[in-house]
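Structural overview for review
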Amino acid sequence: MHDEPTDAPAWAAPRALGPLNAVVELPGSKSLTARELVLAATAAGPSTLAGVLRARDTDLMIAALTTLGARFEEDGSPTRLRVTPAPIPFPVSRSERPTADATASAPARIDCGLAGTVMRFIPPLAALADAPLLLDGDDAARSRPLGPLLDAVSALGARVDYLAAPGFLPVLITPGAPAGAGAANAPANAVAGAGAGNAVAGAGAANARAGAGTGPRGLAIDSTASSQFLSALLLAAPLLPGGARITPTGRVPSLPHVAMTVASLRERGVSVEEPAAGAPEGERAWAVAPGRPAGASTTIEPDLSNAGPFLAAALVAGGTVSVPHWPASTSQAGDAWRGLLPQLGGTIRLIQESDGAPALQATGTGALAGIDADLSAVGELAPTVAALAVLASAQGRTSRLRGIAHLRGHETDRLAAIVAEARRLGAPARETADGIEVGALAAGTRLRPALLRSYADHRMAAFAAIIGLAVPGVRLDDVACTSKTLPGFTGLWGRMLASASPAAPGREAR
């Protein structure tokens, strides 16, 4: 776990003073924004993106793609962008190269912050650049796994030099051949293994100039630590002569995010063949045909994962919370709230707002149920589910969240963080091999006030906000980390709570 220092005063998580009656409009999906930015930057023609999330993660992605030669211009609003794609090989911007005490050959630097999408989606593109790129990020980013993906980048012909611990940031990626020839001619059927050592020079780098064929590139990758490894290769695959056939060597968590990547590629005309249903692990392959994505005009859906804490607030405080513009069909993992929140004691309806827009409405009474759920496909929702499970424990309910061992490699070790903060509140929580369990509090026992830690993790900040609805005296050390994916979180949260009716006081967790 990581607990980034902050000088900001602790945030007092506000209590709900009664049942809510709120409509919460949310900005664009972080996951969709990241994919659309990459596709627009690598497309065959210009694109216009509406509903773009402007947050730390996505601004870092824009900066990274700008370094690779794409151009982004605001079109009347920060959330509407005109995108001019970069040529291939990507012309690395000299303006991004260090100037103080640096030579003309100093590599350009990509700041990944703590954004998994930046540190995973950019490396395969770096193999197609015309100059080296140095990737680094926040201190906590240096413990997020990258090794299998960087082995795949090496197999694409690039040289990968680890500047600290092998398999982690910071890393220097040097294209393996001039003008992207390595990407075009590195041998097919290169396999990304689990190589160690501080420098990995792919076989592609040695053989790129030998004129290997341009059939589909065969890549095998261990994506058990993150589905972003697979998505990163899928996004780069159509840029490779011959395309690619990508085979994960084991279980892939968060498969809805892979489906989102595939859907985004197909919407821009890229042909993607998915594995047959029921194909065994190690034999499932995604085949991507060559050809740059088409330019497009795209409107990005609201972030359904970020909707979770607001919808959960209705279950805790009672009343209703609606999130407008909820898509009837979507690839976002957050659509799973429609099935999860009823298991926790809420009622969910898809309704029409007065303007005709669809909205998801959550209704609750303050009475919570425990849950036993496999969240392997939607692990990013786990901290919000866990917050409701902790509050349910104060009502005598037990919960078990399964299939989320991969959360140990997210912004922080989320399983350890959830258990630590639950125990800080007095809830009987423990880690399991692939998740967490939260026991029921003894009769007459209440959750206690506490200063909760965010670990610089926006999902853990939301965890604290939900707990604070029902437990007086909860504070959070760093609410500003929510700017990673949801700038203005505290304002949205406060306006939602302002809709409460003071005539019916909120339920205090016992």
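Everything here concerns the structure above.
Re the nonpolar core
Most often, soluble globular proteins keep nonpolar side chains buried together rather than apart. Of all hydrophobic cores here, the largest spans 83 residues; its most connected members are Phe310, Phe463, Trp493 and Met496. The leading source of residues in this core is helix 9 (residues 304-317), at 10 residues. Aside from chain neighbours lying at most four places away, what touches Phe310 is Val24, Leu26, Val321, Leu486, Phe489, Leu492, Trp493 and Met496. Counting 78 residues, the second largest nonpolar core, distinct from the first, contains Leu65, Ala129, Leu169 and Ala244.

What about the packing of aromatic side chains?
Considering all chains together, one arrives at four aromatic pairs under this definition. Residues Phe310 and Trp493 carry aromatic rings whose centres are separated by 5.3 Å and whose planes lie at 65 degrees to one another, so their mutual orientation is edge-to-face. Of this pair, Phe310 sits in helix 9 while Trp493 sits in helix 14 (residues 489-497), and the two are 183 residues apart along the sequence. We classify Trp493 as buried; its relative accessible area is 0%. Within the aromatic cluster, the residues linked to one another by ring pairs are Trp11, Phe310, Phe489 and Trp493.

Re the packing of helix 11 (residues 382-393) against helix 12 (residues 414-424)
Where helix 11 contacts helix 12, the two axes come as close as 11 Å, and the packing angle between them is 20 degrees. As the angle between them shows, helix 11 and helix 12 are arranged roughly parallel. Between helix 11 and helix 12 lies a crossing of right-handed hand. Residues Ala382, Pro383, Ala386 and Val390 of helix 11 form the contact with helix 12, whose participating residues are Arg414, Ile418 and Ala422. A class-by-class count of the residues in the contact of helix 11 with helix 12 yields six nonpolar, no polar and one charged.

Regarding the packing of helix 7 (residues 227-236) against helix 8 (residues 255-267)
Here helix 7 crosses helix 8 at 10 degrees, and the two axes come no closer than 9 Å. Here helix 7 is positioned roughly parallel relative to helix 8, judged by the angle of their axes. Together, Ser227, Leu230, Ser231, Leu234 and Leu235 of helix 7 and His257, Val258, Thr261, Val262 and Leu265 of helix 8 make up the contact between the two elements. Residue composition of the contact of helix 7 with helix 8, by class: six nonpolar, four polar and no charged.

Comments concerning the sheet that holds strand 13 (residues 272-273)
Paired through backbone hydrogen bonds, the strands of a sheet run either parallel or antiparallel to each other. Read across the sheet, four strands follow the order 11-12-14-13 without closing on themselves; strand pairing throughout is mixed. What marks the edges here is a single partner per strand, and that holds for strand 11 (217-221) and strand 13.

Here is what the cut-offs are and how they apply
- Residues numbered from 1 in each chain as written.
- Predicted model: local features only at pLDDT ≥ 70, side-chain atom pairs only at ≥ 80, totals over all residues.
- Heavy atoms only, no water.
- Core = buried A, V, L, I, M, F, W, Y, C linked by side-chain atoms within 4.5 Å.
- Buried < 20%, exposed > 50% of the residue type's maximum accessible area, 1.4 Å probe, protein only.
- Helix = DSSP H or I, 4+ residues; strand = E, 2+ residues; numbered from the N terminus.
- Contact = heavy atoms within 4.5 Å.
- Phe/Tyr/Trp six-rings, centres within 6.5 Å; stacked < 30°, edge-to-face > 60°.
- Axes fitted to C-alpha atoms, helices over the stretch in contact; angles between N-to-C directions.
- Parallel < 35°, antiparallel > 145°, perpendicular 65-115°, else oblique.
- Left-handed = near helix turned anticlockwise from the far one by under 90°.
- Nonpolar A, V, L, I, M, F, W, Y, C, P; charged D, E, K, R; others polar.
- Pairing = 2+ DSSP bridges.

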